[in-house]
Amino acid sequence: MTETMSGAEMVIKALQDQGVEHIFGYPGGAVLPIYDAMFHQDKVKHVLVRHEQGAVHAAEGYARSSGKVGCVLVTSGPGATNAVTGLTDAMLDSIPLVCITGQVPTHLIGSDAFQECDTVGITRHCTKHNYLVRSVEDLPRILHEAFYVASNGRPGPVVVDIPKDVQFAMGKYDRPKDNQHKTYRPQVEGDIEKIRAAVKLMAGAKKPVFYTGGGVINAGTEASATLRELVRLTGYPITSTLMGLGAYPAADPQWLGMLGMHGTYEANLAMHDCDVMICIGARFDDRITGRLHAFSPNSKKIHVDIDPSSINKNVKADIGIVGDCGHILKSMLAEWKVLDKAPDCKRLDPWWSEIKTWQARKCLAYRGSDKVIKPQYAVERLYALTKDMDPYITTEVGQHQMWAAQYFRFESPNRWMTSGGLGTMGYGLPAAIGTQMAHPGKLVIDIAGEASILMNIQEMSTAVQYRLPVKIFILNNEYMGMVRQWQELLHGSRYAESYSDSLPDFVKLAEAYGARGIRCNDPAKLDDAIREMIASPKPVIFDCHVEKMENCFPMIPSGKAHNEMLLNDLSDDAGVDIGNVIDVKGKALV
Amino acid sequence: MKSHYSDAPIDTPPQRRTLSVLVDNEPGVLARIAGLFSGRGYNIESLTVSETEHEKHVSRITIVTTGTAMVIEQIKHQLDRLVPVHRVVDLTAKGDAVERELALVKVIGKGDSRSEALRIAAAFGARSLDATLNSFVFELTGDSEEIERFIRVMAGLGLSEVSRTGIAAMSRGAEAL
């Protein structure tokens, strides 16, 4: 049915027609008409953040934990520029977002008007696509197209920049019947001949490994279910990237743990020594491959990805299959089931026994302490005390993020929200807010560092306002730990600016926001303190004082291959001398 | 330099490719494509663009680029993944394409060099678009090498200005894009 309404009303109507329930935003001059239109309805609920970067990360957390498109509404100029980091984060991690930005009236564009910036110019490289709406006639189509583009193909953020006069202009709104773009049609189904060839290659493998990534999560819960069925049926070991955690259950015996720079010994050695690598929805990122020329030198590689540009970008694939992971996994499963001769599982025995020797190395073991809380111990206890509550975990970026990935174990997809590609400190708290918004009543924990949390600490106010009981679990070592670790590795332990001085009293800070603050520095009291945190109905900042000099292991240092990992026992105590591990050649890398 | 990134890949010889890209003629589409090349560090040797199907608002962009085989493959995929891009066709890979560009060349001179310039222009098949007592503007259409040769010769005969369109290209034979 065609209705006549203002551009601002069209925005709200389109959001309603897309089934949007929550939008994260911050008002300002150039979006006031849209806020006014929102005032007259209650289907789309607005969450007022305290900084536009927080709005985008909140929408990311919302999208990743729910599988829906996350929505953001910000004003022109600084509203849009503050959103840029979040948009770039969503771009790198393939998170579907629609971000609506206000713009100065069309006749003022280009005049350096108050709060004007070239939003589509600035966001061109950090969005999947963006639009400047020049006429109200185009607005309904563009709004619906934005949702299509954000969520189809490789997901990503889409910006719709709407000048204020277009928001006021009256026009006809029609809900398009087919929510599509006129020409953009990403490939969903994989080439069946290639899938058959891949399954044949898999069936003949003696040392196979599955290597999966965020693409499986993006493809929906059904894709994870199909992956589980295929992996169990084949009996092959499986590892995953940081972004893919939860697609395969960590409790399963075929699970090797995360791979990559801080991945497990067994996962990285399996990648290095395998003869067939089955990569599903991952992109051979530099944190995964280590030294490219030494990356899995003797394997045939199958690469499934929805983005053709991911295939052969860093690592040459022997079989590259373009399409949606979920569809291709289904086809692979079907093809596996009709193989002429069911592969003999016995042939995998030597491979598994090799893997077991690597697992016996217990690469995640660490030296415990009864005097000081080890960060690994803190995450382990947090996991043990919350695992039965189906928790949702977000993180900031740094050592704590890697410890969370290593020691927290995920059984289901969409439970793990972290900034992988961009590595954005300050991601975790707003992401937790978005996640909690999507999952009321669930336990949402931001595993944080004391440096990262301060980057978006203002969002505490949002959490308190909307009564979102997110738990912020700070592993406080009074260092930008990962920076310090790299300074030990590469820069002679000269800790230039990597210490956290003049930290706030986090307990008082929590109380100042009207939240709950808890501090713990005694391993013996940790469990009770964590229980207290979980039991609180309020947002909680948990200031967990941990061993200051602990480093994150295992680790593949620069210039090294997967089979040249650093393991924890190189260290005597905290304060490992890792300064001589990387040779001159490694240090001279680009 | 110290860092935690992988080392630069071993270079394989670069190739020269001519790509035809069909795009929606919407605001910013050229910026998107030019920005892709600068953002990802690809080379542009020549880029031409014009709307070719007015009713459908489709433009054809011809890009000449150089890169290793892996980079060329990336360029094609990265272009193809832009939302307003309909198709990317590698004309070089499809065989020897027809490539032409047009140059306007201003030559200033008197006496012998002036008449010599006119003779050379005739030999190259260039047209004289403007003539005064001490100058010419020549128009020459040809492949890039021919135009380079013409400019080199004119350099000794009072060459003062050059304006070139960049390359327009099309595959040979009956097959269409």
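Residues numbered from 1 in each chain as written. Chains lettered and ligands numbered in written order. Predicted model: local features only at pLDDT ≥ 70, side-chain atom pairs only at ≥ 80, totals over all residues. Heavy atoms only, no water.

**Here's the deal with the overall build of chain A**
So the rule is basically this: Put simply, DSSP marks the helices as runs of H or I at least four residues long and the strands as runs of E at least two long, and each gets a number from the N terminus on. Here the globule rule reads 2.2 Å times residues to the power 0.38, and the radius of gyration is calculated from C-alpha atoms. To sort residues, take the accessible area from a 1.4 Å probe on protein chains only and compare it with the maximum for the residue type: under 20% means buried, over 50% means exposed, and anything in between is partly exposed. Contacts: residue pairs with any heavy atoms within 4.5 Å of one another. Using the Shrake-Rupley algorithm and a 1.4 Å probe, accessible areas are obtained, with residue cover drawn only from the displayed protein chains.
A count of helical and extended segments in chain A gives 22 helices and 20 strands. Here chain A has a C-alpha radius of gyration of 25 Å; the compact-globule value for 590 residues is 25 Å, and the two agree. Looking at chain A as a whole, 62% of its 590 residues are labelled buried. Taking contacts inside chain A between residues at least 6 apart in sequence as the whole, the part at least 24 apart equals 76%. Just so you have it, chain A exposes about 22100 Å², and 52% of that area is on carbon and sulfur atoms.

**A short note on the side chain of Thr234 of chain A**
Residues and elements named next belong to chain A. Filter applied, for reference: Residues adjacent in sequence count toward polar contacts only when both atoms are side-chain atoms; beyond that, a polar contact is any pair of N or O atoms within 3.5 Å, and within protein one must be able to donate a hydrogen and the other to accept it.
Relative to the assigned elements, Thr234 resides in helix α10 (residues 221-234). Within polar-contact distance, the side chain of Thr234 engages the backbone oxygen of Val231 at 2.9 Å. Excluding anything up to four places from it in sequence, Thr234 contacts Met202, Phe210, Trp336, Cys345 and Leu348.

**Notes on the sheet that holds strand β18 (residues 471-476) of chain A**
All names here are of chain A. The cut-off we apply is this: Pairs of strands are assigned from DSSP output, requiring at least two bridges between the strands. An axis is simply a line fitted to the C-alpha atoms; with a helix, the fit covers only the stretch in contact. Between two such axes, the angle follows the N-to-C directions and lies from 0 to 180 degrees.
On the basis of which strands lie adjacent, the open sheet formed by six strands has the order β16-β15-β17-β18-β20-β19 and parallel pairing. Bordering the open sheet on either side are β16 (416-417) and β19 (516-520), each of which pairs with just one other strand. Of the strand pairs in this sheet, strand β17 (residues 444-449) and β18 are connected by five bridges, and their pairing is parallel. Each bridged residue has a counterpart across the sheet, and for Ala448 the counterpart in β18 is Ile474. On top of the sheet, helix α16 (residues 399-407) reaches β15 (392-395), β16, β17 and β18; it is set at about 135° to β17, its chief contact.

**Thoughts on helix α1 (residues 7-17) of chain A**
Residue and element names in this part refer to chain A. When you tally the buried positions in α1, you get eight out of 11 residues, the bulk of the element. Burial in α1 covers these residues: Gly7, Ala8, Met10, Val11, Ile12, Ala14, Leu15 and Asp17. Phi for Gly19, located one or two positions after α1, is positive at around 75°.

**Here's the deal with the layout of surface pockets**
Leftover empty space is mapped by rolling, across the atoms, a probe with the size of a water molecule. Rules: Cavity and pocket criteria rest on a 1 Å grid covering protein atoms alone: a 1.4 Å probe that fits but cannot get out defines a cavity, protein on both sides within 12 Å along at least 5 of 7 lines defines an open pocket, and an atom within 4 Å of a point defines a lining residue. Grid points are joined across faces, edges and corners, and a volume is the space filled by probe spheres set on the points. Under this grouping Gly is polar, as are all residues other than the nonpolar Ala, Val, Leu, Ile, Met, Phe, Trp, Tyr, Cys and Pro and the charged Asp, Glu, Lys and Arg.
Considered as a void within the structure, the second largest pocket measures approximately 520 Å³ in volume. Residue lining of the second largest pocket: 26 residues in total, with Tyr131, Leu132, Val133 and Arg134 of chain A together with Pro27 of chain B positioned closest to the centre. Only α5 (119-123), β6 (129-132) and α6 (139-151) of chain A provide two or more residues apiece to the lining of the second largest pocket. If you tally residues by element for the lining of the second largest pocket, the top one is β6 of chain A, at four residues. Within the lining of the second largest pocket, the residues separate by chemical class into eight nonpolar, seven polar and 11 charged.

**Focus: the state of the cysteines**
Disulfides are covalent bonds that connect the sulfur atoms of two cysteines. Residue and element names in this part refer to chain A. What counts is decided by this rule: In this description, the term disulfide denotes a pair of cysteine sulfurs within 2.5 Å.
The full count for this structure, using the stated rule, is zero disulfides over all chains. With no disulfide of its own, Cys99 has Cys126 as its nearest cysteine by sulfur position, at a separation of 9.4 Å. Of the cysteine sulfurs around Cys274, a residue in no disulfide, the closest is that of Cys279, at 11 Å. Residue Cys274 is classed as buried on the basis of its relative accessible area, which comes to 1%.

**Points about the domain arrangement of chain B**
All names here are of chain B. This is how it is decided: Reported domain spans reflect what an automatic or database domain assignment gives. By definition, the buried area sums, over both parts, the 1.4 Å-probe accessible area that each loses when the two are put together. Counted as salt bridges are all cases of a side-chain nitrogen of Lys or Arg within 4 Å of a carboxyl oxygen of Asp or Glu.
Split by domain assignment, chain B resolves into domain 1 (15-95) and domain 2 (98-170). Of note, the centres of domain 1 and domain 2, computed from C-alpha atoms alone, are 29 Å apart. Across the boundary between the two partners, domain 1 contributes nine residues, which contact seven residues of domain 2. Taking both sides of the interface into account, the surface hidden between domain 1 and domain 2 amounts to around 570 Å²; carbon and sulfur atoms contribute 49%. Here Glu99 ties to Arg16 by a salt bridge, and the two come within 3.6 Å at their closest N and O atoms. Taken together, the links from domain 1 to domain 2 amount to four residue pairs in polar contact (both at pLDDT 80 or more).

**A short note on the pattern of salt bridges**
Once the charged atoms of two side chains with opposite charge are near each other, the side chains can pair. All told, the structure shown has 37 salt bridges over all chains when counted by the stated rule. Here Arg519 of chain A makes a salt bridge to Asp505 of chain A, at a shortest N to O gap of 2.6 Å. Remark: Asp505 of chain A occurs in the loop between α19 (481-490) and α20 (506-512) and Arg519 of chain A occurs in strand β19; sequence separation between them is 14 residues. Taking the relative accessible area as the measure of exposure, Asp505 of chain A reaches 31% and is therefore partly exposed. As a salt-bridge pair, Glu161 of chain B and Lys106 of chain B come within 3.9 Å of each other at their nearest N and O atoms. Here Glu161 of chain B, found in strand β8 (residues 159-164), pairs with Lys106 of chain B, found in strand β5 (residues 98-108); they are 55 residues apart in sequence, far enough to count as distant. Judged by its relative accessible area of 30%, Lys106 of chain B is partly exposed. When salt bridges that share partners are traced, they join Arg154 and Asp307 of chain A together with Arg81 of chain B into one network.

**Remarks on the sheet that holds strand β4 (residues 70-74) of chain A**
Residue and element names in this part refer to chain A. Strand order in the open sheet made by the six strands is β3-β2-β4-β5-β7-β6, with parallel pairing throughout. Among the strands making up the open sheet, the edge pair consists of β3 (45-48) and β6. In this sheet, neighbouring strand axes are inclined to one another by 20° on average, regardless of whether the strands run parallel or antiparallel. Summarising the sheet, strand β5 (residues 97-103) and strand β7 (residues 157-163) pair through seven bridges and their orientation is parallel. Paired with Gly102 across the strands is Ile162, a residue of β7. Along the sheet face, helix α3 (residues 52-66) touches β2 (22-25), β4 and β5 and points at about 165° away from the line of β4.

**Some words on the pairing of β3 of chain A**
All names here are of chain A. Note the threshold: Handedness rule for crossovers: strands pointing away from the viewer, path from the first strand over the helix to the second running clockwise, crossover right-handed.
Examined bridge by bridge, β2 and β3 share four bridges and lie parallel to one another. Bridge pairing in β3 places Ile23 opposite His46. One crossover worth recording links β2 to the parallel β3 by way of helix α2 (residues 32-39), and it is right-handed.

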